[in-house]
Amino acid sequence: MSFRIVGTGMYVPPKAVTNDDLAQIVETSDEWISKRVGVKERRISENEYTSEMGLKAAEKALEDSGVKVEELDAIFAATVSGETSSPSMSCMIQHGLGATCLAMDVSAACSAFLFLLETAAAFFALHKEYQKILVVGAERMSGVLDFTDRSTCVIFGDGAGAAVLERGENYLDSVMTVKGGDDVIKIPHGNGSCPYFIREQDTPYVHMQGQETFKYAVTSITQDITTLLDRNQLTIDDIAWIVPHQANKRIIDFAAKRLGIAQTKFFCNIEKYGNTSSASVPIALDELAKSGNLHRGDKIILCAFGGGLANAACLITW
Amino acid sequence: MVQEKILELLAEATDTDASEITAETAFADLGIDSLDLTEMAMQLEEEFSITLEMSPELNTVGKLTEAVEKLVAEA
C-alpha cells in the first residue's frame, strides 16, 4: 500500500532575472551560462519568504486535487533556504492553510522531494487511517547565494512545488543512497554571535565543487534509473517520462547519453527557473502534468541528487 | 590506444579534426571547459576501467594521455 498523486501545484515569484541581468552584477555572460548550465533566466523573490511560496504551491496542489485542507492527515515539507530554522517550514504552511494535521520537515537538499514521497509512503504504511498527505518543496535559493561568485549564483532560482498524495498503489519502487560529508556541496549556517566560539566557518552560502558534483550527479542518475528499470523488469520504452532534478542541463544530457536514452525522454524546464533545489522536481512534475503530455496510467521516473550527498529515484504510475 | 581514444573524444566534443590535435594542444585552446573534461574523464574511466582524478595540471592532451597510460599500466 502506498499512494497515488492526485494533484500538483507550483509557484514562482514574478520577477524574472535573465542572464544578461546577472552579467550586470557579476563577470559572466548569457552565452557562458546558456552553454555551461542551460539556464536562460530564473525567478527571484523580492518580498516573499520561502514558506509563503510553499504555501502558494500547496494551495494550487490542493485546488488541483480537489482535496480540502481538513482532509489532510499530514504535511511534509523540505527546504534548504527557509526563513526560519524553527518553526519548520511545514508548520508555517500548516498555519497558512489553517490545517490541524501533523506537519514536519525532511532535510535532504535537492533530493528532498523524493525523500518526502518516501516518508509519505512510510506513513501510509504505518498509519492505516491516513488517507491524504501534502508534500511541499520550496526554496528561496537567492537568499543562500553569494552574488559575487559567478560559479554558483547563475545556477539557482527561487520557487516552490507541491503534490497531494492519496492512499493508493501507484508508488511502485524507489532507490535511495546517501554517502555523507560536506566536501562536495554545502550551505553552512552563520556562526552566530557567541563570543566564545572561535572556529572559523565558511560563508553562509552555497559552496559547490563543480566537477565532483557533475560526476556524482551523472553517476547517480545513471545508476538509479538503471536499478529501477532492472528491478522492475522494465525497459526505457515502458517509461513515458523521466523527471530529473533540474540542476544543470549538461548533467541531464550526459546522463541521457550514458544511458542511451533520448534527451527528449527527460522533462526539462531549467532554462526558465534554474536550479530550485527541493522545488525543482515538483515544479517540473506540475508543468509536465499541466502540459497535457502526461496521461493517467503512464509510468514515470523521478530522480534527484544533491547535498548529502543524497540521491534518490522512484517509479510511479501517474 | 589511450591517445587515440582521447583524440576521438576531443574531436567529438569540439567538432575539431583529430589530425589537428597534438600532444601539446591545451584543452583551453580547444574551448574545452571543466565539465567537458569531467565528461571525458568519466568516458576514459569506463573505457579503461580506471579511476581518474582530474586536476588543473592535466591541461594538455599529452599530460592527460600520460596520466591515463600510467593508470592503465598500474591496473
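Our subject is the structure listed above.
The residue numbering used here restarts from 1 in each chain and proceeds along that chain's sequence as written. Whichever chain is written first becomes A and whichever ligand is written first becomes 1, with later ones labelled in order. Only residues with pLDDT of at least 70 are given local features in this predicted model, and only at 80 or more are side-chain atom pairs given and counted; all residues enter the totals for whole chains, interfaces and linings. Excluding hydrogens and water, the side-chain figures rest on all heavy atoms present in the structure.

Novice: Would you take a moment to explain the overall build of chain A for this structure?
Specialist: The numbering of helices and of strands both runs from the N terminus, where a helix is a DSSP run of H or I of at least 4 residues and a strand a run of E of at least 2. The secondary structure content of chain A amounts to ten helices and 13 strands. A compact globule built from 318 residues should have a C-alpha radius of gyration of about 20 Å, and chain A, at 19 Å, falls within 12% of that. With respect to the principal axes defined by its C-alpha atoms, chain A has extents near 50 × 45 × 35 Å. Within chain A, residue pairs in contact and separated by at least 24 positions form 76% of the contacts whose partners lie at least 6 positions apart. Surface accessibility in these figures is a Shrake-Rupley result with a 1.4 Å probe; residues are shielded only by whichever protein chains are displayed. Approximately 13,400 Å² of chain A is accessible, and the part contributed by carbon and sulfur atoms is 49%. Here the positive residues are Lys and Arg and the negative ones are Asp and Glu; neither His nor the chain ends is included. Charged groups are reduced to one reference atom each: NZ for lysine, CZ for arginine, CG for aspartic acid, CD for glutamic acid. Between the mean site of the 29 positive side-chain charges and the mean site of the 40 negative ones, chain A shows a separation of 4 Å. Only C-alpha atoms enter the radius of gyration, while the globule expectation follows 2.2 Å times N to the 0.38, with N the number of residues. Residue contacts follow a heavy-atom distance rule, with two residues in contact if any of their heavy atoms lie within 4.5 Å.

Novice: Explain the interface of chain A and chain B to me, please; I cannot follow it from the model alone.
Specialist: Size of an interface: often given as the accessible area lost when the parts come together. Taken residue by residue, the interface counts 13 residues in chain A and 15 residues in chain B. Computed with a 1.4 Å rolling probe, the buried area is the accessible surface lost when two parts are put together, summed over both parts. Of all residues in chain A, the largest losses of buried area upon contact with chain B belong to A:Gln211, A:Lys215 and A:Arg250, amounting jointly to 44% of the total for that side. One side-chain nitrogen of Lys or Arg within 4 Å of one carboxyl oxygen of Asp or Glu is enough to make a salt bridge. The tally of links from chain A across to chain B stands at five salt bridges. Residues A:Arg36 and B:Asp33 are paired through a salt bridge, measuring 3.1 Å at the closest nitrogen-oxygen approach. Two N or O atoms form a polar contact when they lie within 3.5 Å of each other; inside protein one atom must be a possible hydrogen donor and the other a possible acceptor, and for residues adjacent in sequence the pair counts only when both atoms belong to side chains. At the junction of chain A and chain B, the tally comes to seven residue pairs in polar contact (both at pLDDT 80 or more). Elements supplying a minimum of two residues to the side of chain A that touches chain B: helix H2 (30–36), helix H7 (210–231) and helix H8 (249–259) of chain A.

Novice: Looking at this structure, how should I read the nonpolar core?
Specialist: A general feature of soluble globular proteins is that nonpolar side chains tend to end up buried together. Residue and element names in this part refer to chain A. The set of buried Ala, Val, Leu, Ile, Met, Phe, Trp, Tyr and Cys residues whose side-chain atoms join them within 4.5 Å is what this entry labels a nonpolar core. Only protein chains enter the area calculation, which uses a 1.4 Å probe; residues under 20% of their type maximum are buried, those over 50% are exposed, and those in between are partly exposed. Membership of the largest hydrophobic core comes to 40 residues, with the highest contact counts inside it found for Leu-117, Ile-133, Val-135, Leu-165 and Leu-302. It is helix H5 (residues 112–126) that contributes the most residues to this core, ten residues altogether. How far each domain reaches was decided by an automatic or database domain assignment. Both domains that meet at this core, namely domain 1 (2–169) and domain 2 (173–317), each give it at least three residues. The residues touching Leu-117, leaving out its near neighbours within four places in the chain, are Phe-3, Val-135, Leu-165, Tyr-171, Leu-302, Cys-314 and Ile-316. Among the nonpolar cores identified, the runner-up in size contains 32 residues, and Ile-236, Ala-255, Phe-266 and Cys-303 belong to it.

Novice: Honestly, the packing of H7(A) against H8(A) in this entry has me stumped. Any pointers?
Specialist: Each packed pair of helices is defined by two parameters, the angle between the axes and the distance between the axes. Residues and elements named next belong to chain A. Here H7 crosses H8 at 45 degrees, and the two axes come no closer than 9 Å. Classed by the angle they form, the pair H7 and H8 counts as oblique. Of the two possible hands of crossing, H7 and H8 adopt the one that is right-handed. Contact with H7, carried on its side by Phe-214, Ala-217, Val-218, Ile-221, Thr-222, Ile-225 and Thr-226, involves Arg-250, Ile-251, Phe-254, Ala-255, Arg-258 and Leu-259 of H8 and no other residues of that element. Axis definition: a line fitted to C-alpha atoms, over the contacting stretch in the case of helices. Angles run 0 to 180 degrees between N-to-C directions. Roughly parallel covers angles under 35 degrees, roughly antiparallel covers those over 145, roughly perpendicular covers 65 to 115, and oblique covers all other angles. Handedness of each helix crossing follows the sense of rotation of the near helix against the far helix: counterclockwise by less than a right angle gives left-handed, clockwise gives right-handed.

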